[in-house]
Amino acid sequence: MSSFIIYPAIDILGGKCVRLVQGDYNQETVYNDSPLNVARSWEEQGGKYIHLVDLDGAKVGHPVNDAIIGEIAAKANVPVQVGGGLRTLADVERLLSIGVSRLIIGTAAIEDRAFTEEVLGKYGDKVAIGIDARNGYVATRGWLETSEVQAEILAKELASKGAETLIFTDISRDGMMQGPNVEAIVSLANASGRTVIASGGVTKLDDLKALSKHRLDGVGGAIVGKALYTGSINLSEAVNVIG
């Protein structure tokens, strides 16, 4: 059976581990002053891969929290994927050099296709394309702007350029504890023919079970954030139940 990985999320803002509501920087909850301690906790609870977002980087358009990310990558015994503000080849190569296993290209996939295709051509298996959608259209710049590009069309185009992994977020579900948009996630996987990691809205263990039923459709995992911090999902239990 195809694998399904649970990705515990750590969103870094101002050096701290936070969660935002629907990407709104004015709706911030600080959960821990040390992202490294949070990463260690997720690893101890059975996390097999850690998802990091440089929220400062997403906002300003270039990575900001390299020191924290590098420390987590060096001290964690599991792979780390990172997104937030990656817009240049130099940024990509620097983060890979400090131990990041996979990089997430988001805004640049819309705004700088030449860069995106260059990165995919050079580091395809180490790159995930982050597709964040609002009502089916791709949002950019830390969700501050919505483009006129349809998520499924972008997924198809970038799959043809070498994208192997897509991370799909339905912004309307993120941080709202309403459950993931399973239909849209499966539809994107079918349209692109690539592995899709679900993000946004995973609230309870049943949500992970529902997503994992679509492994063979290409749903390869789920990023879980707020539900872990509030305790509505226990990571150890989820890993034991789902894998």
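Note that this is a predicted model, so its numbers are computed, not measured.

Asker: Tell me what's going on with the layout of surface pockets, and back it up with residues and numbers.
Answerer: What the largest pocket holds in volume is close to 220 Å³. Lining the largest pocket are 13 residues, and of these A133, N135, G136, A151 and E152 lie nearest its centre. Of all elements in the fold, only α7 (151–160), β10 (165–170) and α8 (182–192) reach the threshold of two or more residues within the lining of the largest pocket. The biggest single contributor to the lining of the largest pocket is α7, with 3 residues. Its residues assigned to classes, the lining of the largest pocket comprises 6 nonpolar, 5 polar and 2 charged.

Asker: Any chance you could break down the packing of aromatic side chains for me, citing the residues and the numbers?
Answerer: Following the criterion strictly, the structure yields 3 aromatic pairs and no others. Considering the side-chain rings of Y7 and Y49, the 5.1 Å spacing of their centres and the 50° angle between planes classify their relative orientation as tilted. Of this pair, Y7 sits in strand β1 (residues 5–13) while Y49 is found in the loop between α1 (35–44) and β4 (50–54), placing the two residues 42 residues apart along the sequence. Residue Y49 is classed as buried on the basis of its relative accessible area of 11%. Members of the aromatic cluster, each reached through a chain of ring pairs, are Y31, W42 and Y229. One Lys or Arg, K59, reaches over the ring of Y25 and ends 4.6 Å from the middle of that ring.

Asker: Could you give an account of α1, naming the residues involved and the relevant values?
Answerer: Of the residues making up α1, those classed as buried are P35, L36, V38, A39 and W42. The buried residues of α1 occupy an angular sector of 160° when projected down its axis, which confines them to one face. The first or second residue beyond α1 is G46, which carries a positive phi of 105°.

Asker: Got a sec to walk through the packing of helix α6 (residues 113–123) against α7? Specific residues and values, please.
Answerer: Between α6 and α7, the least distance of the axes is 10 Å, while the angle of their chain directions is 45°. With respect to α7, the element α6 is oriented oblique. Residues R113, T116 and L120 of α6 lie in contact with α7, whose contacting residues are L154, E157 and L158. Its residues assigned to classes, the contact of α6 with α7 comprises 3 nonpolar, 1 polar and 2 charged.

Asker: Tell me about the pattern of salt bridges, and name the residues and values.
Answerer: Counted by the stated rule, this structure contains 9 salt bridges. Of the charged contacts in the structure, one is a salt bridge between E157 and R113, with a shortest N-O distance of 2.9 Å. Of this pair, E157 sits in helix α7 while R113 sits in helix α6, and the two are 44 residues apart along the sequence. Judged by relative accessible area, which is 25%, R113 ranks as partly exposed. In this structure, K209 engages D206 in a salt bridge whose closest nitrogen and oxygen atoms are separated by 3.9 Å. Of this pair, K209 and D206 both sit in helix α9 (residues 205–212), separated by 3 residues, roughly a single helical turn. Residue K209 is classed as partly exposed on the basis of its relative accessible area of 34%.

Parameters at a glance
- Residues numbered from 1 in each chain as written.
- Predicted model: local features only at pLDDT ≥ 70, side-chain atom pairs only at ≥ 80, totals over all residues.
- Heavy atoms only, no water.
- 1 Å grid on protein atoms, 1.4 Å probe; cavity = no way out; pocket = protein on both sides within 12 Å on 5 of 7 lines; lining within 4 Å.
- Points joined across faces, edges and corners; volume = space filled by probe spheres on them.
- Helix = DSSP H or I, 4+ residues; strand = E, 2+ residues; numbered from the N terminus.
- Nonpolar A, V, L, I, M, F, W, Y, C, P; charged D, E, K, R; others polar.
- Phe/Tyr/Trp six-rings, centres within 6.5 Å; stacked < 30°, edge-to-face > 60°.
- Buried < 20%, exposed > 50% of the residue type's maximum accessible area, 1.4 Å probe, protein only.
- Lys NZ or Arg CZ within 6 Å of the ring centre and 35° of its normal.
- Arc of directions from axis to C-beta.
- Axes fitted to C-alpha atoms, helices over the stretch in contact; angles between N-to-C directions.
- Parallel < 35°, antiparallel > 145°, perpendicular 65-115°, else oblique.
- Contact = heavy atoms within 4.5 Å.
- Salt bridge = Lys/Arg side-chain N within 4 Å of Asp/Glu carboxyl O.

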